[in-house]
Amino acid sequence: MLGFSDITGHESIKESLQRSIRSDKVSHAYILSGEAGMGKKTMADAFALSLFCEKGGDGPCMACHACKQVMSRNHPDLIYVQHEKTGSIGVEDIRRQVNDTVYIRPYSSAYKLYIIDEAEKMTVQAQNALLKTIEEPPSYGVIMLLTTDPQSFLPTILSRCVQLKLKPLQDPLVKSYLQKNFKLKEQEADVYTALARGNLGKGISMVSSEESKLLYSETLYILRDIKKVDISEALNHIRGMREEGIDIYECLEVMQLWYRDVLMFKVTKDVNLLLFKEEYTTINEISKNSGYEGLEEILSAIDKARIRLDANVNMDLALELMLLVMKEC
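Residues numbered from 1 in each chain as written. Predicted model: local features only at pLDDT ≥ 70, side-chain atom pairs only at ≥ 80, totals over all residues. Heavy atoms only, no water.

Novice: Is there a simple way to think about the nonpolar core in this case?
Specialist: It is characteristic of soluble globular proteins that their nonpolar side chains tend to be buried jointly. The biggest cluster of nonpolar side chains holds 56 residues, and the ones touching the most others in it are Tyr259, Phe276 and Met322. Top element by residues in this core is helix 12 (residues 248-268). It accounts for 11 residues. Among the nonpolar cores identified, the runner-up in size contains 32 residues, and Val26, Ala46, Ala48 and Cys64 belong to it. (Core = buried A, V, L, I, M, F, W, Y, C linked by side-chain atoms within 4.5 Å. Buried < 20%, exposed > 50% of the residue type's maximum accessible area, 1.4 Å probe, protein only. Helix = DSSP H or I, 4+ residues; strand = E, 2+ residues; numbered from the N terminus.)

Here is the structure:
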């Protein structure tokens, strides 16, 4: 479990939460939003550590009894609202875990903190039940809703909560973290950073995954020789990747980055702008043998393949059409 100082990026949100604790002006309700992997749970845990730390100050000491309780998820005044991962959060979940306990005073702290993960799963009835507590909270009560979709909440809940949105991190922050913690080569760090699109959690997940490492090497294998191999051979290769558990959508993302590199190099001739710097020789050759219109067609074909897969078009057909364009243009 991390304190605020250990979290990469999101400086304005960290400062806002720290300032509220320092000034003893903690809000009774927060909505912490952002796409999956953006660090909502990490931020909520850091908030809990600082809120309950016995030493006070800008960050948790990580050594006091309260910090140890939070880190082990055993603090009596910290409640993680539980629900079935695949189901909705029903009215009984909120009544039993929040409403029926919120007016029992804290056991050992000045606050009582409720963290509701995947809060977008609350039914309308559950939200109405929670609204009663948010409208008339006890002075010590704090509710934090973690969500990927704040627009799923009732307007009355949105208007009564402090809304904090976790935004994508800048690429240099993501790249620096991945290089420092996973000892990546420059090219690997550049590609994974581009794939992460500012989502550090997604980047960590990809770098840590054996499937993603296989995705990286196997997709490059196809891209290097797409002009030389038969369509059936390339298609069989992708089928094999899928059988190994590789996400075809991520495969398409790597392909898109590759051809953007080719197009970028054709325009600028600047190696420093490439993500796939180690593939300079191949990229240079492709850029010489492909026209601008052809490269645009390939990028469009990759987009179309993604759209077809979303529409449940036969995967082999969608990919074969894409590979044909890649081979011919």
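Novice: Just to check I follow, could you spell out the sheet that holds strand 2 (residues 78-80) for this structure?
Specialist: Where strands meet in a sheet, backbone hydrogen bonds hold them as pairs that are either parallel or antiparallel. Spatially, 5 strands are ordered 2-3-4-1-5 in an open sheet, and the strand pairing comes out parallel. Bordering the open sheet on either side are strand 2 and strand 5 (162-165), each of which pairs with just one other strand. The average angle at which neighbouring strand axes cross in this sheet is 15 degrees, direction not considered. Note that strand 2 and strand 3 (residues 112-116) share 3 bridges and pair parallel. The partner of Tyr80 across the bridge, within strand 3, is Ile115. Strands in contact with helix 2 (residues 40-52) are strand 1 (29-33), strand 2, strand 3 and strand 4 (141-147); relative to strand 4, the strand with the most contacts, it is inclined by about 165 degrees. Sitting on the sheet, helix 5 (residues 124-135) is in contact with strand 1, strand 3 and strand 4, with an inclination near 140 degrees to strand 4. (Pairing = 2+ DSSP bridges. Axes fitted to C-alpha atoms, helices over the stretch in contact; angles between N-to-C directions. Contact = heavy atoms within 4.5 Å.)

Novice: Even after reading the chapter, I still don't get the pairing of strand 1, so can you show me in this structure?
Specialist: Within a regular strand, side chains alternate between the sheet's two faces. Burial analysis of strand 1 places 5 of its 5 residues in the buried class, the great majority of the element. Going residue by residue along strand 1, you find Ala29, Ile31 and Ser33 tucked away on one face and Tyr30 and Leu32 tucked away on the opposite face as well. When strand 1 meets strand 4, the two strands line up parallel, connected through 5 bridges. The residue bridging Ala29 from the neighbouring strand is Ile143, located in strand 4. As defined by bridge partners, strand 1 adjoins strand 5 across 4 bridges and the pair is classed as parallel. Looking at strand 5, one finds that Tyr30 is bridged to Val162.

Novice: What should I look at first to understand the packing of helix 10 (residues 210-225) against helix 11 (residues 231-243) in this one?
Specialist: Working note: a packed helix pair is described by the angle between its axes plus the distance between those axes. For the pair helix 10 and helix 11, the least separation of the axes is 10 Å and the interaxial angle reads 175 degrees. As far as their axial angle goes, helix 11 and helix 10 are roughly antiparallel. Here Leu215, Glu218, Thr219, Tyr221 and Ile222 of helix 10 come into contact with helix 11, specifically with Ala234, His237, Ile238 and Met241. By residue class, the composition of the contact of helix 10 with helix 11 is 6 nonpolar, 2 polar and 1 charged. (Parallel < 35°, antiparallel > 145°, perpendicular 65-115°, else oblique. Nonpolar A, V, L, I, M, F, W, Y, C, P; charged D, E, K, R; others polar.)

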